[in-house]
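Working through the structure, step by step
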Amino acid sequence: MSRRNVGYSPLATDEDDGYDGIGGRRYDPRFDYSPKAFDKVPWKSIALAVFLLFLGCLLLFLSFFIFTGHMGGEKSQAYGLLVLGILTFLPGFYETRIAYYSWRGAEGFRFASIPDY
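Residues numbered from 1 in each chain as written. Predicted model: local features only at pLDDT ≥ 70, side-chain atom pairs only at ≥ 80, totals over all residues. Heavy atoms only, no water.

1. A closer look at helix H3 (residues 75–104)
- For H3, with 30 residues, the first-to-last C-alpha span of 41 Å sits near the 44 Å given by 1.5 Å per residue.
- Residues of H3 that are buried include every one of Ala78, Gly85, Thr88, Gly92, Glu95, Ile98, Ala99 and Ser102, and no others.
- Where the residues of H3 are buried, they touch helix H2 (43–68).
- Gly105 sits one or two residues past H3 and shows a positive phi near 85°. (Helix = DSSP H or I, 4+ residues; strand = E, 2+ residues; numbered from the N terminus. Expected span 1.5 Å × (residues − 1). Buried < 20%, exposed > 50% of the residue type's maximum accessible area, 1.4 Å probe, protein only. Contact = heavy atoms within 4.5 Å.)

2. Observations concerning the nonpolar core
- Of all hydrophobic cores here, the largest spans five residues; its members are Ile46, Ile98, Ala99, Phe111 and Ile114.
- If we ignore the near neighbours within four places in the chain, the residues touching Ile46 are Val41, Ala99, Phe111 and Ile114. (Core = buried A, V, L, I, M, F, W, Y, C linked by side-chain atoms within 4.5 Å.)

3. Focus: the pattern of salt bridges
- As enumerated under the stated definition, the model contains one salt bridge in all.
- One salt bridge connects Lys40 with Asp116, and the closest N-O pair in it is separated by 2.6 Å. Note that Lys40 is positioned in the loop between helix H1 (35–39) and H2 and Asp116 in the segment after H3, a separation of 76 residues in sequence. (Salt bridge = Lys/Arg side-chain N within 4 Å of Asp/Glu carboxyl O.)

4. Overview of the packing of aromatic side chains
- Taken as a whole and judged by the stated rule, the model has six aromatic pairs.
- When the ring of Phe89 is compared with that of Phe93, the centres are 5.8 Å apart and the planes differ by 10°; the resulting orientation is stacked. Here Phe89 and its partner Phe93 are both found in helix H3, four residues apart, which amounts to about one turn of the helix.
- Looking at Phe89, the relative accessible area reads 23%, which means it is partly exposed.
- Overall, Phe93 belongs to the partly exposed group, its relative accessible area being 41%.
- Consider the rings of Tyr101 and Phe109, whose centres lie 5.0 Å apart with planes at 40°: the pair is tilted.
- Among the aromatic residues, ring-to-ring pairing joins Tyr100, Tyr101, Trp103 and Phe109 into one connected group. (Phe/Tyr/Trp six-rings, centres within 6.5 Å; stacked < 30°, edge-to-face > 60°.)

5. Observations regarding the confidence of the model for the chain
- For the chain, per-residue confidence averages 84 on the pLDDT scale, and residues scoring 70 or more make up 77% of the total.
- Here H1 stands out as the least confident element of the chain, with mean pLDDT 64; H2 is the most confident, with 96. (pLDDT = per-residue confidence, 0-100.)

Following this line, the structure appears as structure tokens:
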């Protein structure tokens, strides 16, 4: 059975719903950046990212050496170091990559993408 002849009525709109009146867009302060926010370098976040990157590399190398037998230890220790190495390497690499491309001026990368602590 077709319902093409059903008369629909528009929904009631609230007069004070947060629209700014310009093109019907809603104001959202999350996207209200000033040029100063783009230029601020989050040094603490970059230092944390580099620390996580190097710690992750160290843990991954230690797990590799235990797996290959070049260093003493059990396989369970190697698996633990492998998991911790992955968990520290990935966020460190991601944030360091964003910081590097932002510093180089690559399109689409800004220091504002890195959280500031």
